[in-house]
Amino acid sequence: MIINGIAASEGIGIGKVIIVTAAPKEIEDYEPENKESEVARFTEAADGFCEDTEKMAAELEKAASAKEAAILRSHIQMARDPFIISQITEEINKGSCAEAAAEKVFTSVMEMFTATGDPMTMERATDVGDIKNRLIMKLQGVGNINPSAVPPGTIIVTEDLTPSMTVGITGDKVSGIITAKGGYTSHSAILSRALGIPAVLSAEDIMTTIKADDEVIVDGSEGIVIINPSQNDRDKYKKKAAEFTKMKTRLRAYRGKPSVSADGIRKQIVANIGSPKGGVIAKNEDAEGIGLLRTEFLYMNRVSAPLEEEQFEAYKKVAETFGNKPVIIRTLDIGGDKDVPYLNLPKEDNPFIGCRAIRFCLRSPDLFRTQLRALLRAGAYGNVRIMLPMITTLEEVHETRKLLDQCIEELACEGKEFNPDVPLGIMIETPAAVIIADRLAEEVDFFSIGTNDLTGYTMCADRGNNLVSYLYSVFNPAVLTCIKRICEHAHQAGIPVGMCGEAASEPALIPILLAFGLDEFSVSHEKILSTRHNISLWTKEEADQIAGHALSLDKASEIRNYLNEQIETKRAR
Ligand code: PEP
Ligand code: MG
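Bear in mind that the values here come from a model prediction, so they are computed numbers and not experimental data.

Student: I'm lost on helix α20 (residues 528-536) in this one. Help?
Tutor: Residues separated by three or four positions in an α-helix point in the same direction, a consequence of the helix having 3.6 residues per turn. Summarising burial for α20: seven of the nine residues are buried, a large majority. If you follow the buried residues of α20, they end up packed against α9 (231-251), β9 (268-273), α10 (276-284), α19 (510-516), β16 (520-523) and α22 (556-572).

Shown next as structure tokens:
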């Protein structure tokens, strides 16, 4: 069976499915043939649940404190509670399957707790609901993954891969990712690319058509999923996987070479990373620095915000990895699709245009200052630059400068080692920033174009919404005109301009970006060499001609087709 989706991370993955869901599948009750073995099935699931929970508690104890771990350990006690176990056994003996029996018994405990009216006991009902869901998911063979525990050759299938779910996934265990939701620039797609794991997103009806343990081929280059493939398909895709590896080997010729256009104009190819480990990988892949370190990783999957020292160590590590090469570190861009429970982000109807990124940081000055102090201190160990996300006004830059000045003063008084001259740049990813780009350029040290959000905000099309994905394209004349304008204003003010959105590594777009004079291309590590190759194909004169014609076209599809034709003709020569 073939399913189509969005080609989100190239390459071929072949393996066995593990379904990851946040909630159990619907329960269809049936009378078990052998009640004794049904009780044994429940006991086995409960044992597995307790084992998983103990592991989670031990990890939490290390990352947080014994208090948080104790809450999880109380879940084990409840799953082992003799009264609950006897009730579930009784339900099974009366003719229910284990899932239905667990559902019934735990729901009645929840109702009992809720009926007390005592706030503390009522809160416990939420815990019981959590235990119920996780136990039923264990019985159904679906559940949250422990990425380090999955066998090699695992294909992860999930409704939507949230950023917190993805922490810990590595390419040596996970061969492919398939989701029911998400687009090319969703964070799950970005992460899959960064990890070099083939991924197909928004795969049609995937959750209802696929089962745990199905054998699957994920073609992340074409956006195709083949469930239980024929021998023919298997052979065909093994060959395709080998060709993909060969192409990667050919690109190795670009290692250690400068990034230059065909007529010798020097560009910088830097990397987008999400952790210090990503920095090491990017360095090995020949990145000329870091164009975007997303710092959210430090704040997620924990119960309280990271302290200055922990942040400082993480930023310092990346700075040291790159020596005197630039390392652009973006301040916290939380909100939107990235939630962090302990920050108590307000529930908003439109979180993408709500209190996220710089807006949230300026409302939480203590949290923001901790990060700024850590960044200034890391600046003493390399070529660190600070970048602010989602800027829409000059005041946001001014307020941040004020906080930076305060931090500089504090650090000087404390006698700490730091760099008071860390450059401050901004992401241009909102239409407001494009409109006032000339004024912003006078106030900051560099621009970096965030095409992922800029495309969404310019086209008013949510980057994860399938219904409007036809509008979400960087090839729209509106978006290209924004990019042109940003480059012009940066250069008029004498500051460099980079691009850290996914469009920076889009082969068809390279001549346009060369024509606009983009200085720096920030791409995921596996796109470094192919971007260097694509830049080497064009002279400025050719790029100018192509850009001139492309911008005279009216439709995104026309522009994309025209640019694809150009690159194909060039490659065929
Ligand atoms: C962007 O919007 O282009 C960007 C790089 O930021 P993020 O994808 O993290 O929102
Ligand atoms: Mg963004």
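Student: What is the right way to read the layout of surface pockets from this model?
Tutor: Empty space among the atoms becomes visible once a probe the size of a water molecule is rolled across them. When its volume is computed, the second largest pocket comes out at roughly 1,400 Å³. Along the wall of the second largest pocket there are 49 residues; nearest its centre are A7, Y184, E506, P507 and K527. When residues of the lining of the second largest pocket are traced back to their parent elements, those giving at least two are β2 (6-9), α9, α17 (451-459), α20 and α22. Considering each element in turn, the lining of the second largest pocket owes the most residues, seven residues, to α22. Looking at the lining of the second largest pocket residue by residue, the class counts come to 16 nonpolar, 20 polar and 13 charged.

Student: For this particular structure, what's the right way to read the nonpolar core?
Tutor: For soluble globular proteins, the rule of thumb is that nonpolar side chains tend to be buried together. Grouped together as the largest cluster of nonpolar side chains are 104 residues, with contacts concentrated most on L440, F447, I483 and L563. Residues C50, A79, V109 and F113 belong to the second largest nonpolar core, which totals 25 residues.

Student: What am I meant to see in the pattern of salt bridges here?
Tutor: Note on pairing: side chains with opposite charge can pair once their charged atoms come close. Inspection of the entire model under this criterion finds 34 salt bridges. Between D333 and R330 there is a salt bridge, and its shortest N-O distance comes to 3.4 Å. Considered together, D333 and R330 belong to a single accessibility category, that of buried residues. Note that D366 and R369 form a salt bridge whose closest N and O atoms lie 3.7 Å from each other. With D366 and R369 both in helix α13 (residues 365-378) and three residues apart, the pair spans about one turn of that helix.

Student: What am I meant to see in the sheet that holds β2 here?
Tutor: What links the strands of a sheet is backbone hydrogen bonding, and the strands pair in either a parallel or an antiparallel sense. Pairing in this open sheet of eight strands is mixed, and the strands run β1-β8-β7-β3-β4-β5-β6-β2 from one edge to the other. What marks the edges here is a single partner per strand, and that holds for β1 (2-4) and β2. Across the sheet, the mean angle separating the axes of adjacent strands is 30° when strand polarity is ignored. Inspection of the sheet shows strand β3 (residues 12-20) paired to strand β4 (residues 154-158) by five bridges, in the parallel sense. Its bridge partner being in β4, I19 is matched across the sheet by V157. In this fold α9 packs onto β3, β7 (215-219) and β8 (224-227), with an angle of close to 40° to the strand it touches most, β7.

Student: What exactly am I supposed to notice about the site of ligand 1 here?
Tutor: The environment of ligand 1 is formed by 16 residues, the closest being R294, R330, E429, G450 and N452. With respect to ligand 1, the backbone of T451 contributes an N or O atom lying 3.1 Å from an oxygen atom. Interatomic distance of 2.8 Å between a backbone N/O atom of N452 and an oxygen atom of ligand 1. Because more than half of its atoms lie within 2 Å of the grid, ligand 1 is assigned to the largest cavity. Listed by contribution, the elements that provide at least two residues to the shell around ligand 1 are α7 (187-195), β10 (290-294) and α17. Among the elements that make up the shell around ligand 1, the one with the highest residue count is α17 (three residues).

Student: In this structure, what is going on with the packing of α17 against helix α18 (residues 477-492)? I would like to understand it.
Tutor: The relative placement of two packed helices is expressed as an angle between their axes plus a distance between the axes. Axis separation between α17 and α18 bottoms out at 9 Å; the angle between their running directions is 125°. Taken as axis vectors, α17 and α18 run oblique relative to one another. α18 is crossed by α17, and the crossing has right-handed handedness. For the pair α17 and α18, the contacting residues are T451, L454, T455, T458 and M459 in the first and A478, V479, C482, I483 and I486 in the second. Here the residues of the contact of α17 with α18 sort into seven nonpolar, three polar and no charged.

Student: Is there a simple way to explain the coordination of the magnesium ion (ligand 2) in this structure?
Tutor: Expected angles at a metal are 109.5 degrees for tetrahedral coordination by four donors and either 90 or 180 degrees for octahedral coordination by six donors. Binding of the magnesium ion (ligand 2) to the protein goes through E429 (OE) and D453 (OD), at separations of 2.1 Å. Of this pair, E429 sits in the loop between β13 (424-428) and α15 (431-435) while D453 sits in helix α17, and the two are 24 residues apart along the sequence.

Student: Help me understand unusual backbone geometry, please; the structure alone is not making it clear to me.
Tutor: When glycine is set aside, most residues are seen to have a negative phi, and most peptide bonds are trans. For S202, which is not glycine, the phi torsion reads 50° and is therefore positive. Mapped onto the fold, S202 is located in the loop between β6 (199-201) and α8 (206-209). Here S202 falls in the buried class, since its relative accessible area comes to 11%. In this structure, N344 takes a positive phi of about 50° despite not being glycine. The exposure class assigned to N344 is exposed, which follows from its relative accessible area of 62%.

Student: What's the story with the packing of aromatic side chains in this structure? I'm lost.
Tutor: The geometry of an aromatic ring pair comes down to the distance between the two centres and the angle between the two planes. Throughout the structure, instances matching the rule amount to one aromatic pair. One Lys or Arg, K316, reaches over the ring of Y381 and ends 4.8 Å from the middle of that ring. Its guanidinium or amino end placed over the ring of F312, R377 lies 4.0 Å from that ring's centre, counting from NZ or CZ.

Rules used throughout
- Residues numbered from 1 in each chain as written.
- Chains lettered and ligands numbered in written order.
- Predicted model: local features only at pLDDT ≥ 70, side-chain atom pairs only at ≥ 80, totals over all residues.
- Heavy atoms only, no water.
- Buried < 20%, exposed > 50% of the residue type's maximum accessible area, 1.4 Å probe, protein only.
- Helix = DSSP H or I, 4+ residues; strand = E, 2+ residues; numbered from the N terminus.
- Contact = heavy atoms within 4.5 Å.
- 1 Å grid on protein atoms, 1.4 Å probe; cavity = no way out; pocket = protein on both sides within 12 Å on 5 of 7 lines; lining within 4 Å.
- Points joined across faces, edges and corners; volume = space filled by probe spheres on them.
- Nonpolar A, V, L, I, M, F, W, Y, C, P; charged D, E, K, R; others polar.
- Core = buried A, V, L, I, M, F, W, Y, C linked by side-chain atoms within 4.5 Å.
- Salt bridge = Lys/Arg side-chain N within 4 Å of Asp/Glu carboxyl O.
- Pairing = 2+ DSSP bridges.
- Axes fitted to C-alpha atoms, helices over the stretch in contact; angles between N-to-C directions.
- Near = heavy atom within 4 Å.
- Polar contact = N/O pair within 3.5 Å; in protein donor to acceptor, adjacent residues only side chain to side chain.
- Sits in = over half its atoms within 2 Å of the grid points.
- Parallel < 35°, antiparallel > 145°, perpendicular 65-115°, else oblique.
- Left-handed = near helix turned anticlockwise from the far one by under 90°.
- Donors = N, O, S within 2.8 Å, 3.2 Å for Na, K, Ca; no water.
- Phe/Tyr/Trp six-rings, centres within 6.5 Å; stacked < 30°, edge-to-face > 60°.
- Lys NZ or Arg CZ within 6 Å of the ring centre and 35° of its normal.

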